[in-house]
Amino acid sequence: MSDSRAFCPRCGDPVERSSSDADATDPLRPGAEVELCDGCYFEDFDFVDAPDRIDVRVCSQCGAVHRGNRWVDVGARDYTDIAIEEVSEALGVHVDVADVAWQVEPEQVDENTIRMHCYFTGVVRETPVEEQVMVPVKISRQTCKRCGRIAGDYYASIVQIRAEDRTPTTEETDRAKEIANAVVADMEATGDRNAFVTEIGEVDEGLNIKVSTNKIGKKIANKMIEEFGGTVNDAETLVTEDEDGNEVYRVTFAVRLPPYTPGDIIDLADDETGPVLVRSAHGNLKGTRVTTGDRYEAGYEAGNAPDARKLGELEDAVETTVVTVEDENAVQVLDPETFQAKTVARPDYFDPDAETVPVLKSRAGLHILPDETDV
Ligand SMILES: [Zn+2]
Ligand SMILES: [Zn+2]
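Residues numbered from 1 in each chain as written. Chains lettered and ligands numbered in written order. Predicted model: local features only at pLDDT ≥ 70, side-chain atom pairs only at ≥ 80, totals over all residues. Heavy atoms only, no water.

*Asks:* Would you explain the overall build of the protein in this entry?
*Replies:* Check the secondary structure of the protein and you find five helices and 25 strands. Its C-alpha atoms give the protein a radius of gyration of 39 Å, more than 25% over the compact-globule value 21 Å for 375 residues. Overall size of the protein, expressed as C-alpha extent along the three principal axes, is 125 × 45 × 45 Å. Looking at the 375 residues of the protein, the share that counts as buried comes to 37%. Counting only carbon and sulfur atoms, one obtains 44% of the accessible surface of the protein, whose full area is about 21600 Å². Here the protein contributes 38 positively and 78 negatively charged side chains, and the mean placements of these two sets differ by 3 Å. (Helix = DSSP H or I, 4+ residues; strand = E, 2+ residues; numbered from the N terminus. Rg over C-alpha atoms; globule rule 2.2 N^0.38 Å. Buried < 20%, exposed > 50% of the residue type's maximum accessible area, 1.4 Å probe, protein only. Areas by Shrake-Rupley, 256 points an atom, 1.4 Å probe, with all protein chains shown as cover. Lys, Arg positive; Asp, Glu negative; His and termini not counted. Charge placed at Lys NZ, Arg CZ, Asp CG, Glu CD.)

Below, the structure is given as structure tokens:
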């Protein structure tokens, strides 16, 4: 190795080359890899590169941390965890050092200041090195964009829950609230910071749900008609321009639930076959004739809104006594109001052994309904 003898370019001392530096004699880059002697090398050596201080912006509402140019949910238990994480991101160690190990001891100075005492060890040029640095971390409490928007009642979309010729039932509005919260929870779970429900407000005609994005509004509206039937229409309104001059639209999703819901008993216009107990309002209305027990389905034209009037609901049924079974088409029951025996139509779901049956007395007369548990 006598030929590889070189001299320190700074002080001129001879430098012993190790075999791993053999490529330093690359003829294409003469002198490029000429190395300093250990003395000169360590004079300039800087093991740890640490900033003078680190400023951490955290949201005082939700604990999110500002990183780069955005807010990130870190799920940290306290600010010390955040400080440790930020310091480890910000510190740099010299590339030549091998076997780097470090430990950090946080010292809480006051509510918003944590001194991070960091202790580093490693090996370079077969020499153990160590260094101690202290980095103060300043926590500043702010309000992240999302919390600011929530506080400012920001919303991008409204879902209006309405029903045709009626007001939505409690079941429908309760379910709409559940769906709204579930859709947002799902999006939050995927790390979407912009998903929130701004407000759920009951109005005379139904429910208004204000949400943070159009996507959420659309999901809620679609899920509602998937479960209850009906239609949804959307309409854009230009509300403002954003900071970059882009037009900002607010989208209203108007959900129109079908006029009749499962459990309604309706009397169809121009129909002599007797009232229908509604089973489904998806697509074409479907149900059961309460006179015969036969299946009914509205035609395509009528869809979920055949011309009819509502007589009552399954819930309105009262138990009454069966007096006698007359024949396969007729039964005598007690009129629940007058307590007089009355002959009524016998639907096929009527149990001839039953002592009492649920009946509905309405403008259309007295009808035997199926047991609620059968629906
Ligand atoms: Zn030297
Ligand atoms: Zn926040």
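Read on for the rest.
*Asks:* Sorry, what's going on with the coordination of the zinc ion (ligand 2) here?
*Replies:* Six octahedral donors around a metal ideally make angles of 90 or 180 degrees; four tetrahedral donors ideally make 109.5 degrees. Those donors, C59 (SG), C62 (SG), C144 (SG) and C147 (SG), are the protein atoms that reach the zinc ion (ligand 2), and they lie 2.2 to 2.3 Å from it. Seen from the zinc ion (ligand 2), its four donor atoms lie at angles of 105 to 113°, and the figure they make is tetrahedral. All donors to the zinc ion (ligand 2) come from one chain, and their sequence spacing reads C-x2-C-x81-C-x2-C. In this pair, C62 sits in the loop between β4 (54-59) and β5 (65-67) while C144 sits in the loop between β10 (127-142) and α3 (145-151), placing the two residues 82 residues apart along the sequence. (Donors = N, O, S within 2.8 Å, 3.2 Å for Na, K, Ca; no water. Tetrahedral: all angles 85-135°; square planar, octahedral: opposite > 155°, others 65-115°.)

*Asks:* Honestly, the packing of aromatic side chains in this entry has me stumped. Any pointers?
*Replies:* Each aromatic ring pair is characterised by the separation of its centres together with the angle its planes make. Applying the stated rule across the entire model yields six aromatic pairs. Relative to F45, the ring of F42 has its centre 5.7 Å away and its plane inclined at 70°; by these criteria the two rings are edge-to-face. For F42, a relative accessible area of 28% gives the class partly exposed. Judged by centre distance (6.0 Å) and plane angle (70°), the ring pair of F47 and F120 falls under edge-to-face. One end of the pair, F47, is in the loop between α1 (38-44) and β3 (48-49); the other, F120, is in strand β9 (residues 113-124), with 73 residues separating them in the sequence. Among the residues examined, F120 registers a relative accessible area of 3% and is labelled buried. These aromatic residues form a ring-pair network of at least three members: Y41, F42, F45, F47, W102 and F120. Sitting over the ring of Y154, R149 keeps its end group 4.1 Å from the ring centre. In this structure, R250 packs its charged tip against the face of Y155, placed 3.9 Å from the ring centre. (Phe/Tyr/Trp six-rings, centres within 6.5 Å; stacked < 30°, edge-to-face > 60°. Lys NZ or Arg CZ within 6 Å of the ring centre and 35° of its normal.)

*Asks:* Can you help me understand the sheet that holds strand β11 (residues 157-163) in this one?
*Replies:* As a general point, the strands of a sheet are linked pairwise by backbone hydrogen bonds and lie either parallel or antiparallel. Read across the sheet, five strands follow the order β12-β13-β11-β15-β14 without closing on themselves; strand pairing throughout is mixed. Edge positions in the sheet fall to β12 (197-203) and β14 (231-241), since each has one partner strand and no second. Averaged over all neighbouring strand pairs, the angle between strand axes comes to 15°, with direction disregarded. Where β14 and strand β15 (residues 247-257) come together, 10 bridges link them in antiparallel fashion. Its bridge partner being in β15, T237 is matched across the sheet by R250. Sheet contacts for helix α5 (residues 214-228): β11, β13 (206-211), β14 and β15; angle to β15, the most-contacted strand, approximately 10°. (Pairing = 2+ DSSP bridges. Axes fitted to C-alpha atoms, helices over the stretch in contact; angles between N-to-C directions. Contact = heavy atoms within 4.5 Å.)

*Asks:* Sorry if this is basic, but what is going on with α5 here?
*Replies:* Since there are 3.6 residues in each turn of an α-helix, residues three or four apart along the chain are aligned in direction. With 15 residues, α5 should cover 21 Å at 1.5 Å per step; its first-to-last C-alpha distance of 21 Å lies within 8% of that length. All of the buried residues in α5 are I216, G217, I220, A221, M224, I225 and F228. Down the axis, α5 shows its buried residues gathered within 160° of arc, on one side only. What points out from α5, more than 90 degrees from its buried face, is the exposed set K215 and E226. Those residues of α5 that are buried are in contact with β11, α4 (170-189), β13, β14 and β15. At the C-terminal side of α5, G229 shows a positive phi close to 85°. (Expected span 1.5 Å × (residues − 1). Arc of directions from axis to C-beta.)

*Asks:* Explain the pairing of β15 here, please?
*Replies:* Taken residue by residue, a regular strand's side chains alternate between the two faces of the sheet. Relative to β15, β11 runs parallel, the two sharing seven bridges. Across the sheet, Q160 pairs through a bridge with A254, a residue of β15. Where β14 folds back onto β15 in an antiparallel hairpin, the turn is made up of five residues, including G245, whose phi is positive at roughly 85°.

*Asks:* Can you help me understand the sheet that holds strand β18 (residues 286-289) in this one?
*Replies:* Taking strand neighbours across the sheet as the criterion, the five strands line up as β19-β18-β17-β16-β20 in an open arrangement whose pairing is antiparallel. The open sheet has two free edges, formed respectively by β19 (295-297) and β20 (308-313), since each of these has just one partner strand. On average, each strand axis in the sheet is tilted by 40° relative to the strand beside it, whichever way the strands run. Two elements, strand β16 (residues 264-268) and strand β17 (residues 276-280), share two bridges in a ladder whose sense is antiparallel.

*Asks:* Can you walk me through the layout of surface pockets in this structure?
*Replies:* Taken as a whole, the second largest pocket encloses approximately 390 Å³ of empty space. Around the second largest pocket, the lining comprises 18 residues; the ones closest to its centre are T169, E171, T261, P262 and G263. Counting only elements with at least two residues in the lining of the second largest pocket, the list comes to α4 and α5. Residues of the lining of the second largest pocket, tallied by class, amount to six nonpolar, four polar and eight charged. Counting residues domain by domain, the lining of the second largest pocket receives three or more from each of domain 3 (153-257) and domain 4 (264-368). (1 Å grid on protein atoms, 1.4 Å probe; cavity = no way out; pocket = protein on both sides within 12 Å on 5 of 7 lines; lining within 4 Å. Points joined across faces, edges and corners; volume = space filled by probe spheres on them. Nonpolar A, V, L, I, M, F, W, Y, C, P; charged D, E, K, R; others polar. Domains from an automatic or database assignment.)

So, to be careful, I would describe these as geometric facts and stop short of saying anything about function.
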